[in-house]
Amino acid sequence: MKASDELPKALGKMNAPAADANRVKTGIYGLDSLIEGGLVKGSVTTVCGDSGTGKTIFGLQYLYEGATKHDEPGLYISFDEHKRSMFKNMQRFGWDLAQLEKDKKLLIIEYPPYEVDHFATQEGAIHDLIDRLGIERMVLDSVTPIALLYEGEQNRRQGLLKVIDHLRNWDATTLLISESVGDISMGAPRSRYGIEFLSDGLIYLYNVRRKNYRERALEVVKMRGVAHDSKVCPMKITGSGMAVYPKQQFFEE
């Protein structure tokens, strides 16, 4: 990995608004300056993109930031990836997630495909766990297995709305990971099953092919209660994690 791809050493010097008690810093270098200092506390935000855009890295970096820099314990609910695999993959960024779990700063709950329906019936138990451990940040990865529990668009929307209500009642600042759908060249990016219409925000991750290589970018499409920047910004996955560069230009061919 090139040294130029590393995150700037002085992360604290990034150009972002002053700290706000109602804001939760994402830990994604350059992103908070686009959303008035961070996510609204207690909000539910959809992080969407195609396969390979970095959605899981985004979610785990958000939790790592909270656990290591802000004393905010995190919960990661996974329907797609095994914990052991995540621990190993994230070591490349220097993130010791296993130690954070031992220190009770990070909790990972895994639901195998055949147990996804248990998530909907364990709302009370998860809520109790969040209260007991003081969880302040949460990531649900991904919403697709939950959506597949419901047949028909109306039933699916009602089911997902119920899930969102549960998440809000848990009082953590939450990221919902979702796959994208459709041709975004003709309009605003959308997530599969339209979960962004039920959540407070939508952050879209791009991985655009240019001839024989790809370039990454990030766009804040929606953020309720926030005067967010609508620019599509270059983004990289560096040796220290994900980084967004708001002052640079990103041009699609």
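The rules behind the values
Residues numbered from 1 in each chain as written. Predicted model: local features only at pLDDT ≥ 70, side-chain atom pairs only at ≥ 80, totals over all residues. Heavy atoms only, no water. Helix = DSSP H or I, 4+ residues; strand = E, 2+ residues; numbered from the N terminus. Buried < 20%, exposed > 50% of the residue type's maximum accessible area, 1.4 Å probe, protein only. Contact = heavy atoms within 4.5 Å. Areas by Shrake-Rupley, 256 points an atom, 1.4 Å probe, with all protein chains shown as cover. Phe/Tyr/Trp six-rings, centres within 6.5 Å; stacked < 30°, edge-to-face > 60°. Lys NZ or Arg CZ within 6 Å of the ring centre and 35° of its normal. Pairing = 2+ DSSP bridges. Axes fitted to C-alpha atoms, helices over the stretch in contact; angles between N-to-C directions.

Draft legend 1. Seen up close, the overall build of the protein chain. Along the protein chain, the regular secondary structure elements total seven helices and 11 strands. Expressed as a percentage of its 253 residues, the buried residues of the protein chain come to 49%. Considering only residue pairs separated by 6 or more positions, the protein chain has 65% of its internal contacts joining residues 24 or more positions apart. Carbon and sulfur atoms form 48% of the exposed surface of the protein chain, whose accessible area is close to 12700 Å².

Draft legend 2. Looking closely at the packing of aromatic side chains. Taken as a whole and judged by the stated rule, the model has eight aromatic pairs. Their ring planes at 90° and their centres at 5.6 Å tell us that F79 and F119 sit as a pair that is edge-to-face. Within this pair, whereas F79 is found in the loop between β4 (74-78) and α2 (83-90), its partner F119 is found in helix α4 (residues 116-121), the two being separated by 40 residues in sequence. Residue F79 is classed as buried on the basis of its relative accessible area, which comes to 6%. Given the relative accessible area of 6%, F119 is considered buried. Ring centres of F93 and W95 lie 4.8 Å apart, and the angle between their planes is 40°; on these two criteria the pair is classed as tilted. Take F93 and W95: they sit in the same class, and that class is buried. Counting every residue linked through ring pairs, the aromatic cluster contains F79, Y111, F119 and W170. Geometry around F250 places R210 over its ring, the cationic atom sitting 5.0 Å from the centre. Over the face of the ring belonging to Y245 we find K236, whose NZ or CZ atom lies 6.0 Å from the ring centre.

Draft legend 3. Seen up close, the sheet that holds β4. Read from one edge of the open sheet, nine strands run β5-β4-β6-β7-β3-β8-β9-β10-β11, paired in mixed fashion. Bordering the open sheet on either side are β5 (106-110) and β11 (241-244), each of which pairs with just one other strand. Pairwise comparison of adjacent strand axes, ignoring direction, gives a mean angle of 20° for this sheet. For strand β10 (residues 233-238) and β11, the ladder comprises four bridges, and the chain directions are antiparallel. The partner of T238 across the bridge, within β11, is G241.

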